[in-house]
Amino acid sequence: MRRRNNGCCCQSSKKIGRGGCNDAEGNEPPGWCIYATVALVAVGCYLNALGADFVHDDIPAVVRNKDVLAQTPWTSVLKDDFWGTPMHDMNSHKSYRPLTTLTFR
């Protein structure tokens, strides 16, 4: 059973941090430190790819896509598929991703 000692709800009477109790006695890193570490690891994993070229489906989707290169009006992004082919065309993949295409533009 837990008892109250000097406003603390833990079994020990020590207060840690902002007036709260902690049995680990403050050995945990601050929250911002954990988030910063996760962000640095994520950036570090992809840092070497920043100077790389486009590969595979990136070439038709980004490099040769007239919607991405702004060679067509921006409203055509709403009418074309991800690859820049009109949706009504027989050769269209019917992959409709206008927001993604606009971010490439």
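Scroll up to find the structure this text is about.
All of the points below concern the structure found in this document. Note that the structure is a prediction, hence the values are computed from the model and not measured.

## Details of unusual backbone geometry
No. 1: Of note in this structure, His56 is not a glycine but carries a positive phi near 45°.
No. 2: Considering the arrangement of structural elements, one finds His56 in the loop between helix 1 (31-46) and helix 2 (58-63).
No. 3: Residue classification places His56 among the exposed residues on the basis of a relative accessible area of 71%.
No. 4: Its identity as a non-glycine residue notwithstanding, Ala70 has a phi of 60°, on the positive side.
No. 5: Of note, Ala70 is situated in the loop between helix 2 and helix 3 (98-104).
No. 6: Judged by its relative accessible area of 48%, Ala70 is partly exposed.

## Looking at the environment of His93
No. 1: Turning to its location among the elements, His93 is positioned in the loop between helix 2 and helix 3.
No. 2: Overall, the relative accessible area of 60% leaves His93 in the exposed class.
No. 3: C-alpha of His93 to C-alpha of Asp80: the two residues are 13 residues apart in sequence and 10.0 Å apart in space.
No. 4: Each residue touching His93, except ones within four places of it in the same chain, is listed here: Asp81 and Trp83.

Criteria and cut-off values
Residues numbered from 1 in each chain as written. Predicted model: local features only at pLDDT ≥ 70, side-chain atom pairs only at ≥ 80, totals over all residues. Heavy atoms only, no water. Helix = DSSP H or I, 4+ residues; strand = E, 2+ residues; numbered from the N terminus. Buried < 20%, exposed > 50% of the residue type's maximum accessible area, 1.4 Å probe, protein only. Contact = heavy atoms within 4.5 Å.

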